[in-house]
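Residue strings, one per chain:
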Amino acid sequence: MSRFRGLWQASVNATKKALTWNVDDWIPPSEKYIFSFNSKDELKKWHLYSDSEYGGIFSGNLSSDLSEGSRWNISRSGFCGMRSRKFDGFIDLESYDTIALKLKGDGRCYISTIYTENWVNSPAQHEDNSWQAFVFVPKDNWYIAKIPIARYLPTWRGNVIDANLEMNPSRVVGMSFSVNAEGGVPGARTGPGDFRVEIDWIKAFRTQ
């Protein structure tokens, strides 16, 4: 086969392939695993934090007492959380509108946080932007909580930012899951004491 004929045949084959493409090939899948807590390697992607870092699995005991001799002045205490280590780059959730978590808990209200690349804070602040939503976890039974991404509110150090800001879901750098002794949704268990929640997976869904 001559070189010209070979190029011509390759062009014809490419055209045939393009004509047989399905529109679904251009659309991302309707759901995407972000985390699946099914191995030690997956767990290594997360670390725990609490107010004890400032003075005060994912289970434990919430206490609003500060550590003796604490050098921190805390007006709200009694919180604990687990945060993913920073991704190598970004996770792009632009094609999705809902975060889903498969959970089994204790009747408390937890906080789901998405961290995005810093563009809300001033350049001098190196913290990632945080967007938070409450998650009520019924007691004892496995439950899939679905949170529209639009429901995540911009926050800074636990306080909602009173401004009309929109998340950039294409630049997600991490996630966390935490619990406070106080606050949450009506009817949820609150106050100091034991807490326990199991997380099977975290996914992103496209529902529309």
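Within each chain, residue numbers correspond to sequence positions counted from 1 in written order. Under the rules for a predicted model, residues below a pLDDT of 70 receive no local features and side-chain atom pairs below 80 are neither given nor counted, while totals for whole chains, interfaces and linings still include all residues. The basis for the side-chain values is all heavy atoms of the structure; hydrogens and waters are excluded.

**Structural notes on the overall build of the protein chain**
Then, number 1: For the protein chain, the helix and strand inventory stands at two helices and 13 strands.
Then, number 2: Among the 208 residues that make up the protein chain, the fraction classed as buried is 37%. Per the convention used, a helix needs a DSSP run of H or I reaching at least four residues, while a strand needs a run of E reaching at least two, with both numbered from the N terminus. The buried label goes to any residue with under 20% of its type's maximum accessible area, the exposed label to any with over 50%, and the partly exposed label to all in between, with areas taken from a 1.4 Å probe on protein chains only.

**Some points on the pairing of strand 7 (residues 129-136)**
Then, number 1: Among the eight residues in strand 7, six count as buried, and that is most of the element.
Then, number 2: Here eight bridges tie strand 6 (residues 109-116) to strand 7, and the two strands are oriented antiparallel to one another. From the neighbouring strand, Thr113 faces strand 7, where its bridge partner is Gln132.
Then, number 3: Whether two strands pair depends on DSSP finding at least two bridges between them. As defined by bridge partners, strand 7 adjoins strand 9 (residues 153-156) across three bridges and the pair is classed as antiparallel. What sits directly across from Ser130, in strand 9, is Thr155.

**Describing the packing of aromatic side chains**
The relation between two aromatic rings is expressed through the spacing of the ring centres and the mutual angle of the planes.
Then, number 1: We call Phe, Tyr and Trp rings a pair once their centres come within 6.5 Å, taking the six-membered ring for Trp, and we label the pair stacked below 30 degrees between planes, edge-to-face above 60, and tilted otherwise. Across all of its chains, the model carries four aromatic pairs by this definition.
Then, number 2: Plain terms: the ring middles of Phe35 and Trp46 are 4.8 Å apart, the flat faces sit at 65° to each other, and that makes the pair edge-to-face. With Phe35 in strand 1 (residues 31-36) and Trp46 in strand 2 (residues 46-50), the pair connects residues that are 11 residues apart, well separated along the chain. Grouping residues by exposure puts Phe35 and Trp46 together as buried.
Then, number 3: A ring pair is formed by Phe37 and Trp46, whose centres lie 5.4 Å apart and whose planes are at 50°; its orientation type is tilted. Trp46 shares its class with Phe37; the two are buried.
Then, number 4: Through a chain of ring-to-ring contacts, three or more aromatic side chains come together here, namely Phe35, Phe37 and Trp46.
Then, number 5: We call a charge positioned above a ring when the Lys NZ or Arg CZ atom is no farther than 6 Å from the ring centre and deviates by at most 35 degrees from the ring normal. The ring of Trp142 has Lys102 sitting right over it, with the charged end atom 5.6 Å from the ring centre.
Then, number 6: For Lys146, the ring lying beneath its charged end belongs to Phe205, and the centroid distance is 5.3 Å.

**Regarding the confidence of the model for the protein chain**
Then, number 1: The predicted model of the protein chain averages 76 in pLDDT, with 69% of residues at 70 or higher.
Then, number 2: Values of pLDDT, which run from 0 to 100, indicate the predictor's confidence residue by residue. When pLDDT is averaged over each helix and strand of the protein chain, the minimum, 53, is found for helix 1 (residues 3-19) and the maximum, 95, for strand 8 (residues 143-148).
Then, number 3: Only heavy atoms enter the contact rule, under which two residues are in contact if any of them lie within 4.5 Å. Note that residues 52-57 has pLDDT below 50 and, in this model, 15 contacts with residues that lie over four places away or in other chains.
Then, number 4: Taken together, the stretch residues 69-77 has pLDDT below 50 and engages in 15 contacts with residues farther than four places along the chain or on a different chain.

**A short note on the environment of Asn164**
Then, number 1: Here Asn164 lies in the loop between strand 10 (159-160) and strand 11 (172-180).
Then, number 2: Separated by 11 residues in sequence, Asn164 and Leu153 place their C-alpha atoms 9.7 Å apart.

**Focus: the side chain of Thr113**
Then, number 1: Here Thr113 is to be found in strand 6.
Then, number 2: In terms of polar contacts, Thr113 uses its side chain to reach the side chain of Gln132, at 3.0 Å.
Then, number 3: Thr113 has contacts with Ser130, Trp131, Gln132, Tyr152, Gly174, Met175 and Ser176, leaving out every residue within four places of it along the chain. Here a polar contact is taken to be a pair of N or O atoms separated by no more than 3.5 Å, where protein atoms must pair a possible hydrogen donor with a possible acceptor and residues adjacent in sequence count only if both atoms sit in side chains.

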